[in-house]
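# Structure assessment
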Amino acid sequence: MNAPNASGQRLLRALDAVTAERAEDAVLSVRDLTVRFRLRGGRTVAAVTGADFDLAAGECLALVGESGCGKSVLASALLGLLPGNAETSGTALTDGIDLLAADEKTLARTVRGRRVGLVPQSPAAHLTPVRTVRSQLEETVRALTATGRRARRKAAEDAAERAAFPAGHLDRYPHELSGGLAQRAATALALIGGARLLLADEPTTGLDRDLVDRTADELRRHADDGRALLLITHDLAAAERIADRVAVMYAGRIVEIAPAHRFFGPTGPRHPYARGLLNALPEREFTPIPGMPPELSALPEGCAFAPRCPLATELCATRPAFTAGLACHHPERPRA
Ligand SMILES: Nc1ncnc2c1ncn2[C@@H]1O[C@H](COP(=O)(O)OP(=O)(O)OP(=O)(O)O)[C@@H](O)[C@H]1O
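Every value quoted in this text rests on a predicted model; they were computed, and no experiment measured them.

### Structural notes on the overall build of the protein
Within the protein, the regular secondary structure consists of 11 helices and 10 strands. Since a compact globule built from 336 residues should have a radius of gyration of about 20 Å, the 21 Å found for the protein is in line with a globular shape. Taken along the three principal axes of its C-alpha coordinates, the protein extends 65 × 45 × 45 Å. Taken across its 336 residues, the protein has 42% of its residues classed as buried.

### Some details on the sheet that holds strand E10 (residues 253-259)
Taken together, six strands build an open sheet; the order of strands is E6-E7-E8-E3-E9-E10 and the sheet is mixed. A strand with exactly one partner marks an edge of an open sheet, and here the two such strands are strand E6 (116-119) and E10. Taken pair by pair, the neighbouring strands of this sheet meet at an average axis angle of 20°, ignoring direction. As paired strands, strand E9 (residues 245-250) and E10 are joined by six bridges and run antiparallel to one another. Residue Arg 245 lies in a different strand from E10, and its bridge partner there is Pro 259. Together, strand E3 (60-64), E6, strand E7 (197-201) and strand E8 (228-232) form the strand contacts of helix H8 (residues 209-224), whose direction differs from that of E8 by roughly 150°.

### Looking at the packing of helix H5 (residues 133-144) against helix H7 (residues 179-191)
The N-to-C vectors of H5 and H7 enclose an angle of 15°; their axes lie 9 Å apart at closest approach. Taken together, the axis directions place H5 and H7 in an arrangement best described as roughly parallel. For the element pair H5 and H7, the recorded crossing hand is right-handed. Every residue of H7 that contacts H5 at Val 133, Gln 136, Leu 137 and Thr 140 is listed here: Ala 185, Ala 188 and Leu 189.

### Observations regarding the confidence of the model for the protein
As a note on interpretation, predicted positions should not be read in detail where pLDDT is low. When pLDDT is averaged along the protein, the result is 90; 92% of the residues meet or exceed 70. Counting interchain partners and residues more than four positions distant, the pLDDT-below-50 stretch residues 6-21 has six contacts. With a pTM of 0.89, the predicted complex shows an ipTM of 0.96.

### Remarks on unusual backbone geometry
Positive phi outside glycine occurs at Phe 286, with the angle close to 60°. Note on placement: Phe 286 falls in the segment after helix H11 (272-279). Phi is positive for Ala 324, which is not a glycine, with a value near 50°. Mapping Ala 324 onto the fold places it in the segment after H11. The exposure class of Ala 324 is partly exposed, given the 17 C-beta atoms found within 10 Å.

### Looking at the site of the ligand
Inspection of the region around the ligand gives 15 residues, with Phe 37, Ser 67, Lys 71, Ser 72 and Val 73 positioned closest. When contributions to the shell around the ligand are tallied by element, the ones reaching two or more residues are strand E2 (44-56) and helix H2 (71-79). Sort the elements by how many residues they give to the shell around the ligand and H2 lands first, with three residues. In terms of residue class, the shell around the ligand is built from seven nonpolar, seven polar and one charged.

### Examining the nonpolar core
Judged by nonpolar contacts, the single largest core of 93 residues is most densely connected at Leu 63, Ala 188, Leu 199, Leu 231 and Val 248. Excluding residues within four positions of it along the chain, Leu 199 makes contact with Ala 75, Leu 78, Leu 79, Val 116, Leu 118, Val 119 and Leu 230.

### Regarding H11
Where burial is concerned, most of H11 is hidden: six out of the eight residues are buried. All of the buried residues along H11 are Pro 272, Tyr 273, Ala 274, Arg 275, Gly 276 and Leu 277. Buried residues belonging to H11 abut helix H9 (236-242), E9 and E10.

### Quick notes on the sheet that holds strand E5 (residues 97-98)
If you trace the four strands from one edge of the open sheet to the other, you get E2-E1-E4-E5, paired in antiparallel fashion. Looking at which strands have only one partner, the edges of the open sheet turn out to be E2 and E5. Inspection of the sheet shows strand E1 (residues 26-38) paired to E2 by nine bridges, in the antiparallel sense. Its bridge partner being in E2, Val 35 is matched across the sheet by Val 48. Of the strands in this sheet, E1, E2 and strand E4 (86-94) touch H2, which is tilted by about 70° from E2.

### Points about the environment of Leu 326
Positionally, Leu 326 belongs in the segment after H11. For the pair Leu 326 and Asp 235, spaced 91 residues apart in the sequence, the C-alpha separation amounts to 21 Å.

About the cut-offs
Residues numbered from 1 in each chain as written. Predicted model: local features only at pLDDT ≥ 70, side-chain atom pairs only at ≥ 80, totals over all residues. Helix = DSSP H or I, 4+ residues; strand = E, 2+ residues; numbered from the N terminus. Rg over C-alpha atoms; globule rule 2.2 N^0.38 Å. Buried ≥ 20, exposed ≤ 12 C-beta atoms within 10 Å, placed from the backbone. Pairing = 2+ DSSP bridges. Axes fitted to C-alpha atoms, helices over the stretch in contact; angles between N-to-C directions. Contact = placed C-beta atoms within 7 Å. Parallel < 35°, antiparallel > 145°, perpendicular 65-115°, else oblique. Left-handed = near helix turned anticlockwise from the far one by under 90°. pLDDT = per-residue confidence, 0-100. Near = placed C-beta within 6 Å. Nonpolar A, V, L, I, M, F, W, Y, C, P; charged D, E, K, R; others polar. Core = buried A, V, L, I, M, F, W, Y, C linked by C-beta atoms within 7 Å.

Here it is, written out as structure tokens:
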């Protein structure tokens, strides 16, 4: 890519200033987050590479991308829940704690549930099948706060109410709940500790469209209440409904971060992969991106999207830096 001219450099400096301002009031500030899995035989899976983003209170950032691009691994890294063969580097700061460097005791006592709440991918699997919703909520209250029995009961009921879980269903077992109510029960568990950061990992998977919309709207409400929400999803319609910004991941890297109104609006995203994702939607052009993503254990030196990219040139044999929200040598011009 040509070096930016003077006005381009001014724009980049202005964007850097905005980023710095964001970093200061960020609930989560991620820099150069990298996760490698070591496999037998010395192979390495580059699951996440160099992720950089900030997330402010009241903001929803949707992390989107095809299956296997590293979204869930990124979320697991933030919760300290990676398996033993994972190696992480970089920083992920929330409330002065580096989630990547914190030991298990700190994560268990001060992070999970208290600073970071997880809305899981599969609420039915997340809930204990042999206990009622009320008893699971009360147990979580007990684990997070040293309150007496009555206060526990009240805190559990308050969390259920915040998650729009009906009080009349609190004494039910998970198998007696619909998919939507199981999702709300799991969200109530995530809200109990008053965490400022919510990670929602594919919270709408397996739900019908109505329920997707309702679940997404409820998550948005928690952001509007002042929480920072990282929504991990392959569901672009859910992202369009509630996100303020969209981060697109490809082969373990964030390739574009854009305001949602620009991403989904007439201007559109600038990275050819992000455009391809949108154009693949049935309600748009319904044209799939040709080819397949690369193996994360055998990534090319240059841009990982180049073999599938209609705009690729020899320049793309060199990896594009992530600058001003974009990693591409040939970003598409905004549509007029
Ligand atoms: N323990 C592990 N050892 C080796 N590779 C792993 C391990 N866990 C995950 N991976 C690999 O890391 C990559 C990223 O996986 P991840 O689950 O984050 O993708 P994703 O974008 O969340 O996909 P999906 O939308 O299907 O959930 C995949 O190639 C996966 O096979």
